[in-house]
Amino acid sequence: MRPPALSRLLPVVALPALLLLVGCGGESGTRSETADVPYQVGSPVSDSTVALVVSSEYGTDTLSAQRYQQQVRMSMKRQPPGQQSEDRMQETHRQLIRGFARQHALRGEARAQNLEVDPTQVNARLQKLKQRYETEEQFQKQLARNNMTVDSVRSLLADQFRQQQLQRQMAENYEEPSSDDVTAYSEKNRRIRAQHILIKAGENAPASEVDSARTAAAALVDSAEMEDVDFAELARRHSQGPSAQKGGDLGFFTRDRMVDKFAEAAYALSDSGDVAPEPVRTRFGFHVIRLTNAGEPMDTTKARKQMTKERRQQAVEDQINALLEDATVRTNPDVVSAGLRE
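Please read all numbers here as calculations on a predicted model, not as lab measurements.

What to know about the sheet that holds strand β5 (residues 249-253)
1) Next: If you trace the four strands from one edge of the open sheet to the other, you get β5-β4-β7-β6, paired in antiparallel fashion. On the outer flanks of this sheet lie β5 and β6 (280-282), each paired with one strand and no other. Taking the axes of each pair of neighbouring strands and ignoring which way they run, one obtains an average angle of 40° across the sheet.
2) Next: One ladder, built from nine bridges, connects strand β4 (residues 191-200) with strand β7 (residues 285-296); its direction is antiparallel. From the neighbouring strand, Arg193 faces β7, where its bridge partner is Asn293.
3) Next: The sheet strands contacting helix α9 (residues 231-238) are β4 and β7, and the helix crosses β4 at an angle near 35°.
4) Next: Contacting β4, β5, β6 and β7, helix α10 (residues 260-268) crosses the sheet at an angle of about 155° to β6.

Okay, here's the thing in structure tokens:
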């Protein structure tokens, strides 16, 4: 059996942390006017072998064009072919940039705080990595393919533990939700049940196809709002989605289980039997939505637990964004298509 690539064995540090800090100092830049990013955008990179350069008070990290392109390909493979639009491609690039900059900031701040790492933890994780290989020779060959040594892997693992420790500290800086907050959250995140009719129109569909789908969906809204009309039968006859044979029934779901626009429209309906007044466009096409059960608020104990988890996560992201405010990201426009300078 072929041994796994080392990058797959280090999921948290695979992309950015394979790169060592290569210097100090930063450079001035201007914030992008079109992309909502926490960092500053510097001058373009002209070196064809480099995709990204992130500079801050913590030093400078550089990501090669080769590794960056590998990450883009891996990310795009996870997306359905019909949904690979230019906007989605740009979003993929922005996420990769943010991930690289994020780890730059976390690694730098963890080192700046002199966070200690237990060597036994590092050694235990290293031994776990080695166990994925049949022999020591296989492990050493994989290190060589990645231009790494045992010491460099140990250093990366130590950085990973420091970053995790830092994020746990950051997560403690959150605001405890009040009883009123929990009540509002439990109502907002109640489980509801709905039916829908989907008329497909992908993100890359030609304008004529989009207009045709919109017109068909609008006509179905009118039909669904008529008295004595069986919505389930309409769905079986017209829906192009997988729930068509079930009369468009989606079962019970929570807000986070649906794409934002669909969830917004469904949760805006108040009474069972209500139909959204307009077709809802998502990346799948146009939806005709009918509420079948307005549901009940989320259990307040569960709501408090989930709300606390979300606030802890947001506290981490807010503090990372603050660390990135003085960071400058430079990209190679021939490699990175993030639309940061448009």
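A few points about the pattern of salt bridges
1) Next: For the structure on display, the rule yields 15 salt bridges.
2) Next: Of the charged contacts, one joins Glu317 and Arg102 as a salt bridge, the two residues approaching to 2.5 Å between their closest N and O atoms. Remark: Arg102 occurs in helix α3 (residues 86-112) and Glu317 occurs in helix α11 (residues 300-324); sequence separation between them is 215 residues.
3) Next: Look at Glu317 and you get partly exposed, because its relative accessible area is 23%.
4) Next: As a salt-bridge pair, Arg214 and Asp211 come within 3.1 Å of each other at their nearest N and O atoms. Taken as a pair, Arg214 and Asp211 lie in helix α8 (residues 207-224) at a separation of three residues, close to a single helical turn.
5) Next: The partly exposed category is assigned to Arg214, whose relative accessible area is 38%.
6) Next: On the basis of relative accessible area, Asp211 is assigned to the partly exposed category, the value being 42%.
7) Next: Put simply, Arg98, Arg102 and Glu317 are held in one network by salt bridges that share partners.

Focus: the confidence of the model for the protein
1) Next: The predicted model of the protein has a mean per-residue pLDDT of 86, with 87% of residues at 70 or higher.
2) Next: Considering only residues more than four positions removed or in separate chains, one finds that residues 1-35, a stretch of pLDDT under 50, has 91 contacts.

Considerations on the pairing of strand β8 (residues 328-331)
1) Next: Burial along β8 is two-sided: the face carrying Thr328 and Arg330 and the face carrying Val329 and Thr331 are both buried.
2) Next: Sheet analysis places strand β1 (residues 40-41) next to β8, joined by two bridges and oriented parallel. Considered in β8, the bridge of Gln40 is made with Thr328.
3) Next: For strand β2 (residues 50-56) and β8, the ladder comprises four bridges, and the chain directions are antiparallel. Counterpart to Leu52 in the pairing with β8 is Thr331.

Regarding the sheet that holds β1
Strand pairing within a sheet occurs via backbone hydrogen bonds; the two strands may be parallel or antiparallel.
1) Next: Strand order in this open sheet of four strands is β1-β8-β2-β3, and the pairing throughout is mixed. Every other strand in the sheet has two partners, leaving β1 and β3 (59-64) as the edge strands with one partner each.
2) Next: Relative to β3, β2 runs antiparallel, the two sharing six bridges. Paired with Ser55 across the bridge in β3 is Thr60.
3) Next: Where helix α2 (residues 65-77) meets the sheet, its contacts fall on β2 and β3, and the angle it forms with β3 comes to roughly 65°.

Focus: the nonpolar core
1) Next: Counting residues in each nonpolar core, the largest one holds 31 residues, and the members touching the most others are Tyr39, Leu52, Tyr68, Ile97, Val329, Val336 and Leu340.
2) Next: For this core, the elements supplying multiple residues, two or more each, are β2, α2, α3, α6 (150-171) and α11.
3) Next: One finds Val210, Ala213, Ala224 and Ala235 within the second-largest nonpolar core, a separate group that totals 15 residues.

Overview of the packing of aromatic side chains
1) Next: Taken as a whole and assessed by the stated rule, the structure comprises two aromatic pairs.
2) Next: A centroid spacing of 5.6 Å and a plane angle of 65° characterise the contact between Tyr133 and Phe139, whose relative ring orientation is edge-to-face.
3) Next: Looking at Arg255, its charged tip hangs above the ring of Tyr267, at a distance of 4.2 Å from the centre.

Side note on the pairing of β7
1) Next: As paired strands, β6 and β7 are joined by three bridges and run antiparallel to one another. Bridge assignment links Thr282 to a residue of β7, and that residue is Gly285.

Focus on the packing of α2 against α3
1) Next: Running from amino to carboxyl end, α2 crosses α3 at an angle of 130°, the nearest separation of the two axes being 10 Å. As judged from the angle between their axes, α2 and α3 are oblique. Of the two possible hands of crossing, α2 and α3 adopt the one that is right-handed. Contacts between α2 and α3 involve Tyr68, Gln71, Val72, Ser75 and Met76 on the former and, on the latter, Met89, Thr92, His93, Leu96 and Ile97.
2) Next: Grouping the amino acids of the contact of α2 with α3 by side-chain chemistry returns six nonpolar, four polar and no charged.

Some details on the environment of His238
1) Next: By the element assignment, His238 lies in helix α9.
2) Next: Put simply, His238 and Gly248 are 10 residues apart on the chain and 9.9 Å apart in space, counted from C-alpha to C-alpha.

Calculation criteria
Residues numbered from 1 in each chain as written. Predicted model: local features only at pLDDT ≥ 70, side-chain atom pairs only at ≥ 80, totals over all residues. Heavy atoms only, no water. Pairing = 2+ DSSP bridges. Helix = DSSP H or I, 4+ residues; strand = E, 2+ residues; numbered from the N terminus. Axes fitted to C-alpha atoms, helices over the stretch in contact; angles between N-to-C directions. Contact = heavy atoms within 4.5 Å. Salt bridge = Lys/Arg side-chain N within 4 Å of Asp/Glu carboxyl O. Buried < 20%, exposed > 50% of the residue type's maximum accessible area, 1.4 Å probe, protein only. pLDDT = per-residue confidence, 0-100. Core = buried A, V, L, I, M, F, W, Y, C linked by side-chain atoms within 4.5 Å. Phe/Tyr/Trp six-rings, centres within 6.5 Å; stacked < 30°, edge-to-face > 60°. Lys NZ or Arg CZ within 6 Å of the ring centre and 35° of its normal. Parallel < 35°, antiparallel > 145°, perpendicular 65-115°, else oblique. Left-handed = near helix turned anticlockwise from the far one by under 90°. Nonpolar A, V, L, I, M, F, W, Y, C, P; charged D, E, K, R; others polar.

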